[in-house]
Amino acid sequence: MSNAVRITALHTRLARIPLPRPLKTSIHEIADVCCLLVSLETDAGVTGEGYGFCFNADRLGAIAQFTQSLAPLVVGRDPHDVEALWTDFLRGCNFYGQSGVSILAYNPIDIACWDIVGKLAGRPLYKLFGAHRERVPVYASAGLWLSSSRDELRDEARQFLAQGFKAMKMRLGSPDWKEDIARVEVVRDAIGEQVTLMADANQGLDLTRALRLGRELARFDLAWFEEPVPTWDDDSAAEIVRRLPMPIASGETEYTRYGIRRMARERAAGVFMPDLQRMGGYTEMLKAVRYLAAHDLPVAPHIFTEHSLHIVAAAGNATWAEHMPWFEPLFHERMEIGADGCIAAPDRPGTGFTFDWQRIDPYLISPRTAGGS
């Protein structure tokens, strides 16, 4: 134990990254992404980095304050002890619940610990997790929003093809289901039958609307119909799973392995999409993914592409990584789409992505600006 590495400091920075234009889903209007950047220093001279995000700068400040409150939990500890740290975090934050802000606040700490572990070992995380593949299939998720016109949908879909994508996802949930069908027709016509297409209603429908739309979508050979109803409505989701012919995907707003386990037991989805920050980082994410593997259920993690690459590269039951470029301005490194529509799993130690503070600097905001004290 005398040779153990120790965490010596926890630092947080806040950034607001504006999107090229506002985006719309059935329940969201998104103009920017607000990022919590966490660095853990160690007495070995290695620094680990992790991040999370939300859509509101004031609330980002609140999350960052909670993260700072966790410094006494981790400073002085060995970053390898991710399981012990996770257990101590859950016990110490029991009063605040096992979902919501407390989990979001801990997530970048866990990621930073794993980043340190990988850097000290000189290995990328997916190799430490147990590698399954070297190249990760990705689908384009940065376009085809409800805020795009039909002509824009056609152009965006063709741009994705030109970038090398072999799969892409569009958003649905228009007030009139016939408009949704027309929009899918436009995209399917633009990309042809050989390109994989997913559709996401972002939890914006009820059971009746979801079934009506889903029946009409059947002819488009969708890889999945995502989040037709709110994530808490297991009864409706299970009914949709039973009655529609295409796979139903969900799970991105569930917290920890227990939320994923509940959905799986209720058969509320056929494809599961755990979100790295709502899992609370890699430690818990791996448990959720392996639980699903034990039940032969497929996994396609929600966004956080740079860091989720390691999950998909290490999981035999993983099918896709969601390619979302929102966070590219944070990092020195870039993700390259190959001719096969895949991204190579990072061969660099740790997460393989490091904060580019020079690029980040124009986006930094103060805790006071973000609503902190």
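If you're wondering where the values come from, they're calculated on a predicted model, not measured in any experiment.

## Looking at the overall build of the protein
When its secondary structure is counted, the protein shows 14 helices and twelve strands. Rg of the C-alpha trace for the protein: 20 Å, near the compact-globule value of 21 Å for 373 residues, within the 12% margin. Its C-alpha atoms give the protein principal-axis dimensions of roughly 65 × 40 × 40 Å. Burial status across the protein gives 58% buried among its 373 residues. Of all intrachain contacts in the protein linking residues separated by at least 6 positions in sequence, the fraction that spans at least 24 positions is 72%. A total accessible area of about 15,000 Å² is found for the protein, and carbon and sulfur atoms account for 48% of it. Across the protein, the 40 positively charged side chains and the 48 negatively charged ones have centroids separated by 2 Å.

## Examining the pattern of salt bridges
Tallied over the entire structure, the rule returns 23 salt bridges. Where Arg278 meets Asp275, a salt bridge forms, and the shortest distance between an N and an O atom there is 3.6 Å. We classify Arg278 as buried; its relative accessible area is 18%. Since its relative accessible area comes to 0%, Asp275 is described here as buried. Sharing partners across several salt bridges, the network here consists of Lys169, Arg171, Asp200, Glu226 and Glu322.

## A short note on the nonpolar core
Within the largest apolar cluster, 122 residues are counted, with the highest numbers of intra-cluster contacts made by Leu217, Trp326, Phe327 and Leu330. Among the elements that make up this core, the one with the highest residue count is helix H4 (residues 101-121) (eleven residues). Counting contributing residues, this core receives three or more from each of domain 1 (7-122 + 357-365) and domain 2 (126-344). Those residues in contact with Leu217 that lie beyond four places of it in its chain are Leu172, Ile181, Val184, Leu222, Phe225 and Met246.

## Focus on the UniProt feature "domain: Mandelate racemase/muconate lactonizing enzyme C-terminal" (unreviewed entry) in the protein
Per the UniProt record, "domain: Mandelate racemase/muconate lactonizing enzyme C-terminal" (unreviewed entry) is annotated on residues 150-247. Helix makes up 51% of residues 150-247 and strand 12%, with an end-to-end C-alpha separation of 25 Å.

## Examining helix H1 (residues 57-69)
An ideal rise of 1.5 Å per residue puts 18 Å on 13 residues; H1 measures up with 19 Å between its terminal C-alpha atoms. Within H1, burial applies to Ala57, Leu60, Gly61, Ile63, Ala64, Phe66 and Thr67. Along its buried surface, H1 packs onto strand E1 (7-24), strand E2 (29-42), strand E3 (47-54), helix H2 (71-74), H4 and strand E12 (364-365). Two or three places before Asp58, at the start of H1, stands the capping residue Asn56, its side-chain oxygen 2.9 Å from that residue's backbone nitrogen.

## Let's talk about unusual backbone geometry
Here the phi dihedral of Leu144 falls at roughly 60 degrees; this positive angle occurs in a residue that is not glycine. Its location among the elements puts Leu144 in the loop between strand E4 (135-140) and helix H6 (150-163). Even without glycine at this site, Phe304 takes up a positive phi of about 45 degrees. Its place among the elements puts Phe304 in the loop between helix H12 (282-294) and helix H13 (305-314).

## Things to note about the packing of H6 against helix H7 (residues 177-191)
Put simply, H6 and H7 touch, their axes get as near as 9 Å, and they point 35 degrees apart. Of the two elements, H6 crosses H7, and the hand of that crossing is right-handed. Facing Arg150, Leu153, Arg154, Ala157, Arg158 and Leu161 of H6, the residues of H7 in contact are Glu179, Ala182, Arg183, Val186, Val187, Ala190 and Ile191. Of the residues in the contact of H6 with H7, the class split is eight nonpolar, no polar and five charged.

## Observations regarding the side chain of Glu156
With respect to the helices, strands and loops of the structure, Glu156 is situated in helix H6. Not counting residues within four places of it along the chain, the set of residues in contact with Glu156 comprises Arg21, Gly143, Leu144, Trp145 and Ser148.

## Observations concerning the environment of Gly45
Residue position: Gly45 is located in the loop between E2 and E3. The exposed category is assigned to Gly45, whose relative accessible area is 67%. With 75 residues separating them along the chain, Gly45 and Leu120 place their C-alpha atoms 9.8 Å apart.

Conventions and cut-offs
- Residues numbered from 1 in each chain as written.
- Predicted model: local features only at pLDDT ≥ 70, side-chain atom pairs only at ≥ 80, totals over all residues.
- Heavy atoms only, no water.
- Helix = DSSP H or I, 4+ residues; strand = E, 2+ residues; numbered from the N terminus.
- Rg over C-alpha atoms; globule rule 2.2 N^0.38 Å.
- Buried < 20%, exposed > 50% of the residue type's maximum accessible area, 1.4 Å probe, protein only.
- Contact = heavy atoms within 4.5 Å.
- Areas by Shrake-Rupley, 256 points an atom, 1.4 Å probe, with all protein chains shown as cover.
- Lys, Arg positive; Asp, Glu negative; His and termini not counted.
- Charge placed at Lys NZ, Arg CZ, Asp CG, Glu CD.
- Salt bridge = Lys/Arg side-chain N within 4 Å of Asp/Glu carboxyl O.
- Core = buried A, V, L, I, M, F, W, Y, C linked by side-chain atoms within 4.5 Å.
- Domains from an automatic or database assignment.
- UniProt positions renumbered as here; feature names shortened; annotations may be inferred.
- Expected span 1.5 Å × (residues − 1).
- Polar contact = N/O pair within 3.5 Å; in protein donor to acceptor, adjacent residues only side chain to side chain.
- Axes fitted to C-alpha atoms, helices over the stretch in contact; angles between N-to-C directions.
- Left-handed = near helix turned anticlockwise from the far one by under 90°.
- Nonpolar A, V, L, I, M, F, W, Y, C, P; charged D, E, K, R; others polar.

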